[in-house]
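Residue strings, one per chain:
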Amino acid sequence: MSFWNRKAATVGRISSEHLANFGRWEFLKEQSGVDPSGVYGLVSPLNELIYTQSPADRATLIAELHRHAESGEWEKVGAWKYVREFLDDAADTRDLIDGGLLAIQRMRVTNLSIHMAPIDTPRYTQLTGTPPPNDGFLGPPVFDSNFGPTRQYYFDDAIATAARRNIARLSSTPGVEPGPIADAARCMWDFGMLIHRGPLVVSPDLAFEPNVLRPALAAASGVDHGLLAERLVTAAHESTSNEYAAWPLIGTARFIYDYLDPATTETPEYAVLVDTGLEKLIDLGWLGVMVPPEVLTPIQRERLVTLRLSGQ
């Protein structure tokens, strides 16, 4: 049964299912399938036992968390996250924290280190004998189990989204000088991430391509695309000192390929741009880890073969 459909019996002030869903939201956020508007309502009946400051009420609360945690892995995660959110690391809660950390280990989250709070990392390492794993995927938690989305799930979505794009190529107006391109150049970073990683991985405010590209599309309207492409290529190369410069490089290459006059992809400058972006992806170890090769353009794929044959 899928992890988001699992049911559990109600015990005490909240149900095991409510605690599990609280844990899913706290760990997976938007990818959890849990309505964010009702997250704290899932556990608010337990909070009433905190506010009294009564040792007996605290004992009742801890006992209920234990009962629910016995129901399954996400319930254990929920108990751990509840302790971190509302209680403290004390003798009566430490085993709830440990139970959640061990549950996450059993779920096999392959990029766990970037989703593990610094307060929990030493204890996780102590409990498991190894530090939290990191497969290099910068994005939501990805699983090597049925408890959540795999990295391939996000790759498949990026590939499918790229294939569905409906692109309206703009017309070039020879001889018309482009205006300022600073805003157009800046949006290449976000565009590069959106196209090559997919809307599920980028920030929600970057998931709608027309909004992301608005400055670039405006800059490309009614101007000479050859001149515009030269300036965008120059701006992209000026970003190469940044550690994550792959994004504006491959974003610019993709924008020129998709939206500008096809002749702009036939210049030596464009070829250098494509190679530089691919080299960055390779050097950073992102190709096949952060970026699925299937989203690359035919020109990029052809150059990638050449670069690999040459030992890049």
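Below you will find a few notes about this structure. (Residues numbered from 1 in each chain as written. Predicted model: local features only at pLDDT ≥ 70, side-chain atom pairs only at ≥ 80, totals over all residues. Heavy atoms only, no water.)

1. Considerations on the overall build of the chain
Looking only at helices and strands, the chain has 14 helices and two strands in total. Seen through its principal axes, the chain has C-alpha atoms that stretch 80 × 40 × 35 Å. For the chain, the proportion of its 312 residues judged to be buried stands at 46%. About 14,600 Å² of surface is accessible on the chain, with carbon and sulfur atoms providing 54% of the total. Looking at charge distribution, the chain has the averaged site of its 27 positive side-chain charges lying 5 Å from that of its 39 negative ones. (Helix = DSSP H or I, 4+ residues; strand = E, 2+ residues; numbered from the N terminus. Buried < 20%, exposed > 50% of the residue type's maximum accessible area, 1.4 Å probe, protein only. Areas by Shrake-Rupley, 256 points an atom, 1.4 Å probe, with all protein chains shown as cover. Lys, Arg positive; Asp, Glu negative; His and termini not counted. Charge placed at Lys NZ, Arg CZ, Asp CG, Glu CD.)

2. Considerations on the environment of Phe-147
Relative to the assigned elements, Phe-147 resides in the loop between α6 (121-128) and α7 (151-164). Along the chain, Phe-147 and Val-109 lie 38 residues apart, while their C-alpha atoms are 9.0 Å from each other.

3. Topic: the packing of aromatic side chains
Centre distance and the angle of the planes are the two values used to describe a pair of aromatic rings. Summed over the entire model, instances satisfying the criterion amount to 14 aromatic pairs. A ring pair is formed by Tyr-153 and Tyr-154, whose centres lie 5.2 Å apart and whose planes are at 80°; its orientation type is edge-to-face. In this structure Tyr-153 comes out as partly exposed when scored by relative accessible area, which is 42%. Grouped by ring-pair contacts, the aromatic residues Phe-22, Tyr-40, Tyr-82 and Phe-86 constitute a single cluster. (Phe/Tyr/Trp six-rings, centres within 6.5 Å; stacked < 30°, edge-to-face > 60°.)

4. Things to note about the layout of surface pockets
If a probe the size of a water molecule is rolled over the atoms, the empty space left behind becomes visible. In this structure, the largest pocket encloses a volume near 190 Å³. Lining the largest pocket are Leu-28, Lys-29, Glu-30, Gln-31, Pro-140, Pro-199, Leu-200, Val-201, Val-202, Ser-203 and Pro-204. Of the residues in the lining of the largest pocket, the class split is seven nonpolar, two polar and two charged. (1 Å grid on protein atoms, 1.4 Å probe; cavity = no way out; pocket = protein on both sides within 12 Å on 5 of 7 lines; lining within 4 Å. Points joined across faces, edges and corners; volume = space filled by probe spheres on them. Nonpolar A, V, L, I, M, F, W, Y, C, P; charged D, E, K, R; others polar.)

5. Some points on the packing of helix α2 (residues 39-51) against helix α4 (residues 73-86)
One can describe the packing of α2 onto α4 by two numbers: an axis separation of 12 Å at closest approach and a directional angle of 60°. Taken together, α2 and α4 sit at an angle that is classed as oblique. For the pair α2 and α4, the crossing hand works out as right-handed. Counted together, Tyr-40, Val-43, Leu-46, Asn-47 and Ile-50 of α2 and Tyr-82, Glu-85 and Phe-86 of α4 form the full contact between these two elements. (Axes fitted to C-alpha atoms, helices over the stretch in contact; angles between N-to-C directions. Parallel < 35°, antiparallel > 145°, perpendicular 65-115°, else oblique. Left-handed = near helix turned anticlockwise from the far one by under 90°. Contact = heavy atoms within 4.5 Å.)

6. Remarks on the packing of helix α12 (residues 246-259) against helix α13 (residues 268-284)
The geometry of a pair of packed helices is captured by two quantities: the angle between their axes and the separation between those axes. In contact at an axis separation of 8 Å, α12 and α13 are set at 140° when each is read in the N-to-C sense. Viewed along their axes, α12 and α13 adopt a mutual orientation that is oblique. In this structure, the crossing between α12 and α13 has a hand that is left-handed. Contacts between α12 and α13 pair Ala-246, Leu-249, Ile-250, Thr-252, Ala-253, Ile-256 and Tyr-257 from the former with Tyr-270, Leu-273, Val-274, Thr-276, Gly-277, Lys-280, Leu-281 and Leu-284 from the latter. Residue composition of the contact of α12 with α13, by class: 11 nonpolar, three polar and one charged.

7. Quick word on the pattern of salt bridges
Applying the stated criterion to the full structure yields 17 salt bridges. One salt bridge connects Asp-88 with Arg-58, and the closest N-O pair in it is separated by 2.8 Å. Here Arg-58 lies in helix α3 (residues 55-69) and Asp-88 lies in the loop between α4 and α5 (94-107), a separation of 30 residues in the sequence. Residue class for Asp-88 comes out partly exposed when judged on its relative accessible area of 39%. Between Asp-183 and Arg-186 there is a salt bridge, with its nearest N and O atoms 2.1 Å apart. Linking Asp-183 with Arg-186, this pair stays in helix α8 (residues 182-197), spanning three residues, or about one helical turn. Salt bridges here are not isolated pairs; linked through shared partners, they connect Arg-84, Asp-89, Arg-94 and Asp-120. (Salt bridge = Lys/Arg side-chain N within 4 Å of Asp/Glu carboxyl O.)

8. A word on the nonpolar core
Generally speaking, a soluble globular protein has its nonpolar side chains buried in company with each other. By size, the foremost hydrophobic cluster in this structure holds 47 residues, and its most contacted members are Leu-213, Phe-255, Leu-273 and Leu-281. Contributions of two or more residues to this core are made by α7, α8, α10 (214-220), α11 (225-237), α12, α13 and α14 (298-309). Those residues within four positions of Leu-281 in sequence are excluded, and the remaining contacts are Ala-246, Ile-250, Trp-286, Leu-287 and Val-291. Val-34, Leu-49, Ile-97 and Phe-143 belong to the second largest nonpolar core, which has 36 residues in total. (Core = buried A, V, L, I, M, F, W, Y, C linked by side-chain atoms within 4.5 Å.)

9. Focus on the side chain of Thr-265
One can find Thr-265 in the loop between α12 and α13. A polar side-chain atom of Thr-265 sits 2.8 Å from the main-chain carbonyl oxygen of Pro-262. In this structure Thr-265 touches Ile-256, Tyr-257, Tyr-270 and Ile-299, once residues within four positions along its chain are discounted. (Polar contact = N/O pair within 3.5 Å; in protein donor to acceptor, adjacent residues only side chain to side chain.)

10. Things to note about unusual backbone geometry
Not every positive phi belongs to a glycine, and Lys-29 is a case in point at roughly 55°. Considering the arrangement of structural elements, one finds Lys-29 in the loop between α1 (16-28) and α2. The backbone phi angle of Arg-108 is positive, close to 60°, even though this residue is not glycine. Within the fold, Arg-108 resides in the loop between α5 and α6. Taking the relative accessible area as the measure of exposure, Arg-108 reaches 44% and is therefore partly exposed.

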